[in-house]
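# Breakdown of the fold
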Amino acid sequence: MNVPFYDMRPANEACRRQIQAAIDRVIGKSWYILGEELETFEQDFAQYCGASHCIGVNSGTDALWLALLAAGVGPGDEVVTVAHTFVATAIAIIKTGAIPVFADVDPETLLMDPQSVKERITGLTKVILPVHIYGRCADLSSIMELGAKHGIDVIEDACQAHGSQIQGRYAGTFGVAGCFSFYPTKNLGALGDGGVIITDDSSFAARLRKLRNYGQTEKYHHDSLGYNSRLDEIQSAVLQEKVRLLDDWNRERAFLARLYRERLCKVSSVKLLADANWPQHVYHLFVVRIVGDISRELVQSRLEDSGISTACHYPVPVHRHEAFAQLDVPSDFLPVTEQVATEVLSLPLFPGMGTANVDLVCDALLKALTP
Ligand SMILES: Cc1ncc(COP(=O)(O)O)c(C=O)c1O
């Protein structure tokens, strides 16, 4: 028996004919950058999220970076975010010249802890950047309240949370901007790199449209510096087809997650994260904490030996990587972040995985946890 950690084939097979027709359509038109396919997908995704504007760029990292630039973030500024995330969140901040300042995470959800954010805000804080890790929104009402109180913008890293909702509103629609990645394994994945920013602010959207296209206002006229970061026509056409299936896939992910929870809720060395169902949680990842006497590494290698592939999101907090040593974060600054990095284990979860595979994973996990 073999259960892969992630397999994109079932989801892509479910819409393969439509994807092929969409790619054919683009080749037929022979227009590949900044065309009507992008415009249509931008409208589709804005409408899906309930946002006024959507701006396609070439990755989630660039979505974050350009959104920060559009918010006026630059050298000398601080951006409060979390270290329990993919490094891209911090890289985007550093690319603007600003300094990432890390808040700790809530031990029950592993999402940004608003109380910790409060302690990190200084006169230099320009933006609060929560990460909706694993597919669930951070506590946006508290975070938005903090932002409003201090006059600080909020920009959401929703790269793992396409379609997740809180208080009946979609991830990415609370802050001045919400940033998404379409990396192929995301809940909404392209067939290559891609990303978007959503916003309700028209002048913010206009700045982003310039920033992604060399700072161009009209052809060969540049009144400010910009870059080359566009979501191409082929990926846009593919995403138009895939976004129609996003809710079905998210519902299926949440259903599989529920089965995992039912099987694992009484296992003492497995700590489940706080419960939430679709559409509050879209289960980009199903993550548990391995607690007690057995190490996460031993459990993971035993699972691998029995044909179950797993992953860790993330084994090393951002500030512990050599690349971020210059941030010089004190060792007792982020106790929850440091602790959970040694415990988190992501179990296989993807549309089309099937309920029998959840059982196989749980059987193998229970065996792997036996001393
Ligand atoms: C939380 C988070 N932020 C940012 C990114 C960066 O997105 P991308 O890989 O499209 O640049 C990712 C995904 O890879 C992510 O998971």
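Data block above holds the structure.
Read on for an overview of the structure. Just so you know, these numbers come straight off a predicted model, no measurement behind them.

Cut-offs and rules
Residues numbered from 1 in each chain as written. Predicted model: local features only at pLDDT ≥ 70, side-chain atom pairs only at ≥ 80, totals over all residues. Heavy atoms only, no water. Helix = DSSP H or I, 4+ residues; strand = E, 2+ residues; numbered from the N terminus. Buried < 20%, exposed > 50% of the residue type's maximum accessible area, 1.4 Å probe, protein only. Contact = heavy atoms within 4.5 Å. Lys, Arg positive; Asp, Glu negative; His and termini not counted. Charge placed at Lys NZ, Arg CZ, Asp CG, Glu CD. Pairing = 2+ DSSP bridges. Near = heavy atom within 4 Å. Polar contact = N/O pair within 3.5 Å; in protein donor to acceptor, adjacent residues only side chain to side chain. Areas by Shrake-Rupley, 256 points an atom, 1.4 Å probe, with all protein chains shown as cover. Nonpolar A, V, L, I, M, F, W, Y, C, P; charged D, E, K, R; others polar. Patch = residues over 30% accessible without salt bridge, like charges linked within 9 Å, V, L, I, M, F, W, Y side chains within 5 Å. Salt bridge = Lys/Arg side-chain N within 4 Å of Asp/Glu carboxyl O.

This paragraph deals with the overall build of the protein chain. Across its full length, the protein chain holds 13 helices and 14 strands. In the protein chain, which comprises 371 residues, the share counted as buried stands at 57%. Partitioning the contacts of the protein chain with sequence separation of at least 6, the portion at a separation of at least 24 is 70%. Taking the average place of the 33 positive charges on the side chains of the protein chain and the average place of its 45 negative ones, the gap between the two points comes to 3 Å.

Right, let's get into the pairing of strand β9 (residues 195–199). With respect to burial, β9 is a largely interior element, five of its five residues being buried. Burial of the side chains of β9 extends over both faces: Gly195, Ile197 and Thr199 are buried on one face and Val196 and Ile198 on the other. Across five bridges, the pairing between strand β1 (residues 53–57) and β9 is antiparallel. In the sheet register, His53 faces β9, and the bridge partner there is Thr199. As paired strands, strand β8 (residues 177–181) and β9 are joined by four bridges and run antiparallel to one another. Each bridged residue has a counterpart across the sheet, and for Phe180 the counterpart in β9 is Val196.

Here we take up the site of the ligand. Taken together, 14 residues lie near the ligand, and Gly60, Thr61, Asp157, Ser181 and Lys186 sit nearest. Between the ligand and Gly60 there is a distance of 2.8 Å, counted from an oxygen atom to a backbone nitrogen or oxygen. In this structure, an oxygen atom belonging to the ligand sits 3.0 Å away from a side-chain N or O atom of Lys186. In isolation the ligand offers 380 Å² of accessible surface; the protein chains occlude 92% of this area. The element that contributes the greatest number of residues to the shell around the ligand is helix α4 (residues 60–70), accounting for three residues. Of the residues contributing to the shell around the ligand, the split by class is five nonpolar, seven polar and two charged.

Here the focus is the side chain of Arg120. For Arg120, the location among the structural elements is in helix α6 (residues 114–120). Excluding its chain neighbours within four sequence positions, the residues that come into contact with Arg120 are Glu78, Val80, Val101, Phe102, Ala103, Asp104, Thr125, Phe333 and Leu334.

Right, let's talk about a nonpolar patch on the surface for a bit. A cluster of nonpolar side chains, Ile27, Tyr32 and Ile33, forms an exposed patch at the surface whose accessible area comes to about 260 Å². Structurally, Ile33 is set in the loop between α2 (16–29) and α3 (36–49). Residue class for Ile33 comes out partly exposed when judged on its relative accessible area of 38%.

Now for the pattern of salt bridges. The tally for this structure, following the rule as stated, stands at 20 salt bridges. A salt bridge links Glu119 to Arg120, with the shortest nitrogen-to-oxygen separation between them at 4.0 Å. Note on Arg120: relative accessible area 10%, which makes it buried. A salt bridge links Arg263 to Asp363; the nearest nitrogen and oxygen atoms lie 2.8 Å apart. Pair noted here: Arg263 is in helix α10 (residues 246–264) and Asp363 is in helix α13 (residues 355–368), with a separation of 100 residues, a long-range link.

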